[in-house]
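Here's the letter readout for the chains.
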2 protein chains.
Amino acid sequence: MVVDDLSDADLDRLFQAFADATRRDIVTRVTAGESSVSGLAEHYAMSFAAVQKHVAVLERASLVTKERRGREQIVRAHHYGLQRARRLLDEYETIWRQRADRIADILAEDRKRVPS
Amino acid sequence: MVVDDLSDADLDRLFQAFADATRRDIVTRVTAGESSVSGLAEHYAMSFAAVQKHVAVLERASLVTKERRGREQIVRAHHYGLQRARRLLDEYETIWRQRADRIADILAEDRKRVPS
DNA sequence: ATCATCTACAACCATTTGGTTGTAGAATAA
DNA sequence: TTATTCTACAACCAAATGGTTGTAGATGAT
């Protein structure tokens, strides 16, 4: 049962977004609670513009959303992006596990046929 | 309960490795069954050297292993890298879900106090 | 009205990335 | 031995990435 319908480009953006420690930290923060871009920027030893770019990357990957509130831009976690990434890795792991089980079965057969 | 102990650089490599469609396809293939590097290269419209590089990226990310067999280099899936990535995303999702539940509770409280 | 704050975005720079071609070594086949 | 196959790796290139500074527009506070 496939629930995801993400293009290669979508997946590229999704995993690329996770491939940076600052961005993973931003995801953690806004997952714990919303924050303005400048609020986020305080926590990192880089310029506001750099943080702004990181947020933009996360937004393009559908991992966060931005919403204006007064003069601030509020960043929130976007659940579904996260869920999709996890499900994809789940699929890989399921395939792997099935194969591992099959190998285990074959080994078990061997043991029956050639008892020590 | 934290089972993972991956540095930022480890995670960078891990997600970076997934951030390319060719590499994800290689992971899928070798997850279904081992293959030589040249065997993999047949499936892609790029040079052998390019595929070789992709395999090297996956190897550095601990997603596959290489082993010499005669003149071939056999590529296999390495389960643990995959598992670690999935668990990390699980953690994010758990945090998010807890927060979503908390918000739902607060809304439920509101409904009790201010019945329509 | 003025000032401070928050954001947007352009221009620039160094490094990394994803590809190429070319050369060379090791293992197998004839 | 010689030829073929598979791999390793260097050198190169264009484009993307992750950072910077600088300028300008909106919004809120005094």
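Up top you'll find the structure we're talking about.
Residues numbered from 1 in each chain as written. Chains lettered and ligands numbered in written order. Predicted model: local features only at pLDDT ≥ 70, side-chain atom pairs only at ≥ 80, totals over all residues. Heavy atoms only, no water.

Asks: What exactly am I supposed to notice about the overall build of chain A here?
Replies: What chain A contains, in helices and strands, is five helices and three strands. Ordering the α and β elements of chain A from the N terminus gives α-α-β-α-α-β-β-α. Looking at chain A residue by residue over its 116 residues, the buried ones come to 37%. If you take every contact in chain A between residues at least 6 apart in sequence, the share linking residues at least 24 apart comes to 51%. For chain A, the exposed area adds up to about 6900 Å²; of that, 50% sits on carbon and sulfur atoms. (Helix = DSSP H or I, 4+ residues; strand = E, 2+ residues; numbered from the N terminus. Buried < 20%, exposed > 50% of the residue type's maximum accessible area, 1.4 Å probe, protein only. Contact = heavy atoms within 4.5 Å. Areas by Shrake-Rupley, 256 points an atom, 1.4 Å probe, with all protein chains shown as cover.)

Asks: Would you mind going over the relation of the copies chain B and chain A with me for this structure?
Replies: Note that the two copies of the chain are related through a rotation about an axis and a translation along the same axis. Mapping chain B onto chain A leaves a residual RMSD of 0.0 Å; the transformation is a rotation of 180° accompanied by 0.0 Å of translation along its axis. Seen this way, the second copy is the image of the first under a two-fold rotation axis. Here 100% of the contact residues of chain B are again contact residues in chain A; the copies associate through an equivalent surface. (Least-squares fit on C-alpha atoms with pLDDT ≥ 70 in both.)

Asks: Hey, could you run me through the environment of A:Tyr92 in this one?
Replies: Relative to the helices and strands, A:Tyr92 is located in helix α5 (residues 79-113). Looking at A:Tyr92, the relative accessible area reads 8%, which means it is buried. Aside from chain neighbours lying at most four places away, what touches A:Tyr92 is B:Phe18, B:Arg24, B:Val27, B:Thr28, B:Thr31 and B:Leu82.

Asks: Just to check I follow, could you spell out the interface of chain B and chain A for this structure?
Replies: How big an interface is tends to be stated in terms of the accessible area lost upon association of its parts. Contacts between the two partners involve 31 residues from chain B and, on the opposite side, 31 residues from chain A. For the chain B and chain A pair, buried surface summed over both sides reaches about 3100 Å², with 62% attributable to carbon and sulfur atoms. The interface formed by chain B and chain A contains six salt bridges. Residues A:Arg24 and B:Asp8 are paired through a salt bridge, measuring 3.9 Å at the closest nitrogen-oxygen approach. The tally of links from chain B across to chain A stands at nine residue pairs in polar contact (both at pLDDT 80 or more). Listed by contribution, the elements that provide at least two residues to the side of chain B that touches chain A are α1 (8-18), α2 (21-32) and α5 (79-113) of chain B. With 14 residues, α5(B) is the largest single contributor of residues to the side of chain B that touches chain A. Here the residues of the side of chain B that touches chain A are counted per class, giving 16 nonpolar, six polar and nine charged. (Buried area = accessible area lost by both parts, 1.4 Å probe. Salt bridge = Lys/Arg side-chain N within 4 Å of Asp/Glu carboxyl O. Polar contact = N/O pair within 3.5 Å; in protein donor to acceptor, adjacent residues only side chain to side chain. Nonpolar A, V, L, I, M, F, W, Y, C, P; charged D, E, K, R; others polar.)

Asks: How should the sheet that holds strand β3 (residues 72-77) of chain A be read in this particular structure?
Replies: Picture the strands of a sheet paired through backbone hydrogen bonds; they go either parallel or antiparallel. Residues and elements named next belong to chain A. What the three strands build is an open sheet, ordered β1-β3-β2; its pairing is antiparallel. Looking at which strands have only one partner, the edges of the open sheet turn out to be β1 (35-36) and β2 (64-69). Bridging between β1 and β3 involves two bridges; their strand directions are antiparallel. Within the sheet, the bridge partner assigned to Ser-36 lies in β3 and is Ile-74. Here helix α4 (residues 48-60) sits on the sheet and contacts β2 and β3; the angle it forms with β2, its principal contact strand, is near 120°. (Pairing = 2+ DSSP bridges. Axes fitted to C-alpha atoms, helices over the stretch in contact; angles between N-to-C directions.)

Asks: Looking at this model, I keep getting lost on the protein's contact with DNA strand C. Mind explaining?
Replies: Taken together, 22 residues sit near DNA strand C, with A:Ser38, A:Gln73, B:Ser47, B:Lys53 and B:His54 positioned nearest. Backbone atoms, meaning sugar plus phosphate, form 62% of the atoms of DNA strand C positioned within 4 Å of the protein. Interatomic distance of 3.5 Å between a backbone N/O atom of A:Arg71 and a sugar or linking oxygen of DNA strand C. The set of elements that each furnish at least two residues to the surface near DNA strand C consists of α3 (37-41), α4, β2 and β3 of chain A together with α4 (48-60) of chain B. In terms of residue class, the surface near DNA strand C is made up of six nonpolar, eight polar and eight charged. (Near = heavy atom within 4 Å.)

Asks: Which parts of the structure should I look at to understand the protein's contact with DNA strand D?
Replies: Around DNA strand D, a shell composed of 22 residues is seen, among which A:Ser47, A:Lys53, A:His54, B:Ser38 and B:Gln73 lie nearest. Take B:Val37: an N or O atom from its main chain is 3.4 Å from a phosphate oxygen of DNA strand D. Within the side chain of B:Gln73, one N or O atom sits 2.5 Å away from a phosphate oxygen of DNA strand D. If you list the elements that add at least two residues to the surface near DNA strand D, you get α4 of chain A together with α3 (37-41), α4, β2 (64-69) and β3 (72-77) of chain B. For the surface near DNA strand D, the per-class residue count stands at six nonpolar, eight polar and eight charged.

No statement about biological role is implied by the geometric values presented.
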